[in-house]
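# Examination of the molecular architecture
Below are the chains, spelled out letter by letter.
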Amino acid sequence: MLNLLLTAVKLIAAIGVGLVILSGASLMALAAASEQPAAPLSDQRQAELRNFLEQDCGSCHGLRMAGGLGPPLLPAVVANKPEQFLAATIQYGRPGTAMPPWSAFFSDEEALWLARELKGGNP
Ligand code: HEC
């Protein structure tokens, strides 16, 4: 009886270790994937992002980014804010405010592109 119990405990422990190793491996795979050099965004994706900016972001920041529920994001307003800072706000949102996180929709590279778009810096 005790033996059976011990076997069960060992089995459960083994499954636990296996799960930890598995999730570690997938985390490493994720990290590796995000380290790959980013290909330039296609014209189609850029058009999608511009549309998203107008429709989704515009619902709070205004269709012309001149402000609404969210602050204005006009080039002059964000000029002195670093691209990385704006991109991080886009990806992670601002907890405690109405600004939601968008990382489910954009890669980090796309968030940087959006930050540059706001600054008027995209070709
Ligand atoms: C539900 C409303 C809402 C939506 C939708 C929204 N935002 Fe925001 N956003 C806010 C609010 C509110 C703030 C100000 C947060 C604060 O008080 O710091 C903000 C702040 C920001 C800032 C920081 C501005 C600064 O001057 O520091 C950026 C950049 C930004 N939003 C970009 C975006 C982008 C890009 C999208 C679309 C992908 C988006 N937002 C969608 C509400 C929204």
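Right above here is the structure, for reference.
In this report, the structure presented in the accompanying data block is examined. If you're wondering where the values come from, they're calculated on a predicted model, not measured in any experiment.

The subject of this paragraph is the site of the ligand. The local shell around the ligand holds 21 residues, among which Cys-57, Cys-60, Gly-70, Thr-97 and Met-99 are the closest. Within the residue set of the shell around the ligand, elements represented by two or more residues are helix H2 (43-61) and helix H4 (83-92). Examining the composition of the shell around the ligand, we find that five residues originate from one element, H2, more than from any other. Among the residues making up the shell around the ligand, the classes are represented as 13 nonpolar, five polar and three charged.

A few words now on helix H5 (residues 108-118). Of all the positions in H5, only Glu-110, Ala-111, Trp-113, Leu-114, Ala-115 and Leu-118 are classed as buried. Of the surrounding secondary structure, the elements contacted by the buried residues of H5 are H2, helix H3 (75-78) and H4. The positive-phi residue at the C-terminal boundary of H5 is Gly-120, with phi of around 75 degrees.

This brings us to unusual backbone geometry. Residue Met-65 is not a glycine yet carries a positive backbone phi of 65 degrees. Its location among the elements puts Met-65 in the loop between H2 and H3.

Rules behind the numbers
Residues numbered from 1 in each chain as written. Predicted model: local features only at pLDDT ≥ 70, side-chain atom pairs only at ≥ 80, totals over all residues. Near = placed C-beta within 6 Å. Helix = DSSP H or I, 4+ residues; strand = E, 2+ residues; numbered from the N terminus. Nonpolar A, V, L, I, M, F, W, Y, C, P; charged D, E, K, R; others polar. Buried ≥ 20, exposed ≤ 12 C-beta atoms within 10 Å, placed from the backbone. Contact = placed C-beta atoms within 7 Å.

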